[in-house]
Amino acid sequence: MLPVLVIHYHEIALKGRNREHFERLLVGNLSRALEGVVGARIARMSGRLVVRGGAELHQSEVHERVLRTFGVANIGVGWEVRQERDALADDVVEAVRAWVAAHPVASFAARAKRSSPSYPENTMEIERRIGGAVFDATGLRVNLEHPDLTVAIEIVERTAFVTLEKISGPGGLPVGVSGRVVALISSGFDSPVAAWRMMKRGSPVTF
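Residue positions within a chain follow its written sequence, with the count starting from 1. Where totals are concerned, whole chains, interfaces and linings use all residues; where local detail is concerned, this predicted model gives features only for residues with pLDDT of at least 70, and gives and counts side-chain atom pairs only at 80 or more. Only heavy atoms go into the side-chain values, all of them from the structure, while hydrogens and water stay out.

**Notes on the sheet that holds strand 4 (residues 74–81)**
In this scheme, strands are said to pair when DSSP sees at least two bridges between them. Segments assigned H or I by DSSP are reported as helices when at least four residues long, segments assigned E as strands when at least two residues long, and all are numbered from the N terminus. The strand order across the open sheet built from 8 strands is 2-3-1-4-8-7-5-6, with neighbouring strands paired in mixed fashion. For this open sheet the edge positions go to strand 2 (41–45) and strand 6 (141–142), each flanked by a neighbour on one side alone. Any two residues whose heavy atoms approach within 4.5 Å at even a single point are treated as in contact. Between N-to-C directions, angles cover 0 to 180 degrees, with each direction set by a line fitted to C-alpha atoms, over the stretch in contact for helices. Packed onto the sheet, helix 4 (residues 123–138) meets strand 5 (107–114), strand 6 and strand 7 (149–156) and runs at close to 145° relative to strand 5.

**As for the nonpolar core**
By nonpolar core is meant a set of buried Ala, Val, Leu, Ile, Met, Phe, Trp, Tyr and Cys residues that side-chain atoms within 4.5 Å join together. Note on exposure labels: buried denotes an accessible area under 20% of the residue type's maximum, exposed denotes more than 50%, and partly exposed covers the range between, all computed with a 1.4 Å probe on protein chains only. Formed by 25 residues in total, the largest nonpolar core has its most connected members in Leu88, Val92, Val151, Ile153 and Leu164. Among the elements that make up this core, the one with the highest residue count is helix 3 (residues 85–102) (7 residues). Residues within four places of Val92 in sequence aside, it is in contact with Ile130, Val134, Val151, Ile153 and Val162.

**What about unusual backbone geometry?**
In the Ramachandran plot, Ser46 falls in the positive-phi region, its phi being about 45° despite a non-glycine side chain. You can see Ser46 is positioned in the loop between strand 2 and strand 3 (48–52). Looking at Ser46, the relative accessible area reads 38%, which means it is partly exposed.

**A word on the side chain of Glu121**
Along the polypeptide, Glu121 turns up in the loop between strand 5 and helix 4. Taking relative accessible area as the criterion, Glu121 reaches 8% and is therefore assigned buried. Once residues within four sequence positions are removed from consideration, Glu121 is found in contact with Arg85, Arg114, Ile126 and Arg129.

**A short note on the pairing of strand 5**
Pairing of strand 5 with strand 6, which is carried by 2 bridges, proceeds in the parallel orientation. Bridge pairing in strand 6 places Ser107 opposite Arg141. Note that strand 5 and strand 7 share 7 bridges and pair parallel. Bridge pairing in strand 7 links Arg111 to Ala152.

Note that every value here comes from positions in space, so none of it alone points to a role or purpose.
In structure tokens, the structure reads:
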């Protein structure tokens, strides 16, 4: 299993023919944010961005860099796992066991997304099977309403990801998609907030 960050966005998905341009700008901004993180590589995959690399990706300092990047709706912290039916269950169980060993968890829920329609199971079947495997291996109680741990499985192209932590980002648009603006900064808080809002709409700001 390889550590990954699975990055989702919202507004960019609505941009139609401009979507690829917006995605490329977001990838560039994230590349600058992750500069110096050993082995970090960003790929565009079926409506999401995936950052692959080493164990350093799971450090909170790296998450903070990503969460300062406008356009990021949320990041999922987890692993790239094998997509094959039995191997997927084995890898998810291994990931959950490692997580539970380091975090207080009493209940869980399995949630699945499938962007590959050729995959032999639908999302409900994946959730039932993986949830059963996690329950048998860990004894954690199933709670579909308010789980302590959400085991999120994403079947994407020819691979799969399991994420066990979801962190909300700033949202908005990648800086660079709109024109440059000038912000006059005073000693109050109104002007920095105005500048922040303009950056969130994709404008580079000259202070």
